[in-house]
Every structure is written in C-alpha cells, then in structure tokens.
Amino acid sequence: KTYLIPCFYVRCSHEICRPSCTNRDLIVLELEVLSKLESTLFPDSMLNIATHLKIVFKTLLFGVPVGITFIDAVGYVAKVQGHSMQPVLNPRHNSSDYVFLNNWPVTSNSFDKISRGDIVSLISPKDPQQRLIKRVIGLGGDIVETHGYESSYVRIPEGHCWVEGDHRGNSLDSNSFGPIAVGLIKSRATCIVWPPARWQFLNRQVPFANVKGNSLKSVEDRDAEAYGTNSHVSKLS
Amino acid sequence: MTSWTRTLATSMSNYLYEGIRWGAILHCILEYGAEIAICTGPSMEPTIQSNDRILMERISSHYGRIPRNSIVVSKSPSNPKNSVCKRVIAIAGDQVLIPDGTTTMVPKGHVWLEGDNFQNSLDSRSYGPIPIGLIQGRAIFRVWPPSAIGTLPIPTN
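Residues numbered from 1 in each chain as written. Chains lettered and ligands numbered in written order. Predicted model: local features only at pLDDT ≥ 70, side-chain atom pairs only at ≥ 80, totals over all residues. Heavy atoms only, no water.

Taken together, A:Val56, A:Leu60, A:Val64, A:Ile68 and B:Tyr32 make up a surface patch of nonpolar side chains, about 400 Å² in accessible area. In terms of residues, the nonpolar patch owes the most to one element, helix H2 (residues 48–73) of chain A, which gives 4 residues. Examined against the element boundaries, A:Ile68 turns out to sit in helix H2. Residue classification places A:Ile68 among the partly exposed residues on the basis of a relative accessible area of 30%. (Patch = residues over 30% accessible without salt bridge, like charges linked within 9 Å, V, L, I, M, F, W, Y side chains within 5 Å. Areas by Shrake-Rupley, 256 points an atom, 1.4 Å probe, with all protein chains shown as cover. Salt bridge = Lys/Arg side-chain N within 4 Å of Asp/Glu carboxyl O. Helix = DSSP H or I, 4+ residues; strand = E, 2+ residues; numbered from the N terminus. Buried < 20%, exposed > 50% of the residue type's maximum accessible area, 1.4 Å probe, protein only.)

Here it is as structure tokens:
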C-alpha cells in the first residue's frame, strides 16, 4: 500500500529519503499493514487454506466494527411486533411491518430534533432489554390529557416526554408508566421499508389532540419544536 | 493524470480507508467496552473529586445488570445532553428512605442514585428513581490525577 508522508517523519539516513529532502517534501512510503502479524500467524509453508483464512480474518477484524459503527451512527431496519401502533404500523394480523430506525438524532446529540408526533423507538422503563415503538405526544413543559393514567392531566417535567401508541387501550405507554426521560429515546422511525406494498414515509402527526397547553414556552418556541427547526430553543435548566 | 497526482490520490484514499477502519474499532471499544469519563462537581466527594477522570465499563449497562453500591454514569433525567455520576444505593425491589421520612420501593427496571456527598448532591432524592436505560457505564477505577490512581472506595456509612 502506498502512503505519502512528510519528509521529516523519516530519518534522513534511511535509503528511501532523497539527499535533497527538505521538511516540506512529501515522499512515498510503501507499507504493508499487519505484515509482521500475518507472517507469524500464517507462515509460507501452510496450504492455500491459510490465504483464505487470512482474508476472512482481516475482513472480520475490520468489517464487523465498521458495520456496528454504521448501525449505531446512522440506523437500522427493525421488525415491528404487536398492535399498539395500529393502524399506522402492523394494521393486519398476518404480516409485520419493518421500519427504518434513524439513530442520527441521538448520534449528533441533538435531542431537540425529536418533535411532537414523531414515532420513536425507546428503551422500555420497565425492562432495559426491551425496546418499545411509540409516538411522542408531548414534550417537557406540556400539559397532556391522559387516558387511563392515575390523574387526568399531567404536566410533563423538563427533559421528559409523553409517549403513546396509536391504538388506544391496547398499548403499554405513558398512560401506564407516566412521562419518560428523553434520554431513553434511541431512534426515530422514518419509513416503512417492508413489505413493498406498505412503502411509505411515517409522518409527524398527533392522532388525538390531547396536548392541552405548554406552561413554559412562548409560541415561537413551541412552533420551532413542532416543526423541528434548528433554531435554538433555550430550555429552563 | 500525472503519476504524482495518482500517487497522491492513492495515498489519500489509503489514509481515509485506514482511518475509517480504525475509527470503527475505536467506536466499538468505547461504546461496548470501556471509556474514560471526566467527573465535575462536588456531588461524589470525597470518593471522587471534581475533575477526576474515571474508567467506566459499558458491558453491565448493556446487559441491564447493575450491582448495588456501584458508581454509575448516566444521562441526566432532566436534560438528556448532560451526564451525571452517582452511586447506586438501591436496585429494583429494594426499599429506600426518602426525605419526607417514608420508605418507597424502587420499581422494576429502575435504580436509586445518591451522591456520596449527601448535602451537596442532586440525585434520586430530588428526581426519583431512574430507569436503567439511562445508565451509560459503571465506574471501575480512577485514572487521573496520577497521585490517586486506583480503585474507588465504598463509604463506610
């Protein structure tokens, strides 16, 4: 493999360094990465199988972390199970929708991009090994009207949100466990990717108008949050 | 394209390629293995002083198994962009004493956090038990300052 490195990284007594080399020159360096490791693990006396194993080993060593990093940074496709988001997701009993979960809002640490009406994937507050897929109904400072919760109206604390499944009464959501910390939200479901007949973008909408008001923010701040713009919303901290 | 430009292009793409591969390995180590975090603030004194750096392992939090008395770093429940460093006093199912004198049970999937510096710590006594899903890692030992490298003690009270 060929690399260009600045001349001053190479001691001038080395044979590849030209006699008139100055600090601003770039010289060509031929380098075989992992060559020492390879020659010890797979000496020349072994069969062709060793060459194939070497390729597999190198591919896994670098391929798996790149794949994992891509999934963590960008997103992945997940199967939706259950009926709590009917009719938007899984409307029929015999087939499951597969959605693309976008991790970018969490990767870029811009949690303000999560807006009311988004369908999100979150870590269940009851079981950290389980993910739930629900819709964000209200954000910190909002007063929401509940459906089956311990009190009819709840003011959502700062840094928390209210999530509900679209299928009222058939959903484990904030109506059971109350407001959840925004830090539990891991990704936003942007579109349905399978089956092809159900290809569509998932829109930002609140099916039931149960956000009664916002006790903290001005009208401009509320609009900025609802449309997910990049304008800085200063929250009470 | 001259030979020089071709070498330059090959070299740049080699650097980029290696950078992406090693960057991905680094990301996997930090996300699923261990990471160094800097703790600021007085809430964990005297165990952790402000500006100490600790090594935290990220395996327990991915499995949801946090033992009692471990020091954890978790996302703040009032601001998801901030992190807090506290000790786990009680896990799900335990009874804890709350400021008004009564006891409450820590719900399933949650833990109760308190800072070692009781008087000067904003923790579960104010914001309640936190879900394990917010926990980012468990501190195993201190790596900075060099004079204090070593394990983090458990207070006797």
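Here we come to the UniProt feature "domain: Peptidase S26" (unreviewed entry) in chain A. Residues and elements named next belong to chain A. With numbering aligned to this structure, UniProt lists the feature "domain: Peptidase S26" (unreviewed entry) at residues 59–147 and 154–194. Annotated as 21% helix and 31% strand, the span residues 59–147 places its first and last C-alpha atoms 52 Å apart. Between the first and last C-alpha atoms of residues 154–194 the distance is 37 Å; the span itself is 10% helix and 46% strand. (UniProt positions renumbered as here; feature names shortened; annotations may be inferred.)

Moving on, we get to the side chain of B:Lys75. With respect to the helices and strands, the residue B:Lys75 is situated in strand S3 (residues 71–76). Within the structure, B:Lys75 has its side chain in polar contact with the backbone oxygen of A:Gly183 (distance 3.1 Å). Aside from chain neighbours lying at most four places away, what touches B:Lys75 is A:Phe111, A:Gly183, A:Lys186, B:Pro80, B:Asn82, B:Ser83, B:Leu134 and B:Gln136. (Polar contact = N/O pair within 3.5 Å; in protein donor to acceptor, adjacent residues only side chain to side chain. Contact = heavy atoms within 4.5 Å.)

What follows deals with the packing of aromatic side chains. Considering all chains together, one arrives at 2 aromatic pairs over all chains under this definition. Taking 5.3 Å as the distance between ring centres and 80° as the angle between the ring planes, the aromatic pair formed by A:Phe62 and B:Trp22 counts as edge-to-face. On the criterion of chain membership, the pair formed by A:Phe62 in helix H2 and B:Trp22 in helix H1 (residues 3–32) is interchain, its members lying in two chains. Here A:Tyr149 and A:Trp162 contribute two aromatic rings whose centre-to-centre distance is 5.3 Å and whose plane-to-plane angle is 85°, an arrangement assigned as edge-to-face. One end of the pair, A:Tyr149, is in the loop between strand S7 (142–145) and strand S8 (153–155); the other, A:Trp162, is in strand S9 (residues 160–164), and 13 residues separate them in sequence. Looking at B:Arg21, its charged tip hangs above the ring of A:Phe62, at a distance of 3.8 Å from the centre. (Phe/Tyr/Trp six-rings, centres within 6.5 Å; stacked < 30°, edge-to-face > 60°. Lys NZ or Arg CZ within 6 Å of the ring centre and 35° of its normal.)

The next point concerns the UniProt feature "active site" (unreviewed entry) in chain B. Residues and elements named next belong to chain B. Mapped onto the present numbering, the UniProt feature "active site" (unreviewed entry) falls on Ser43 and Lys86. The largest pairwise C-alpha distance within this set of annotated residues, which runs over 44 residues, is 7.6 Å, so the set is compact in three dimensions. As for its placement among the helices and strands, Ser43 is situated in the loop between strand S1 (34–39) and strand S2 (52–57). If sequence neighbours within four positions are ignored, Ser43 has contacts with Cys85, Lys86, Gly115, Asp116, Asn117, Asn120 and Ser121.

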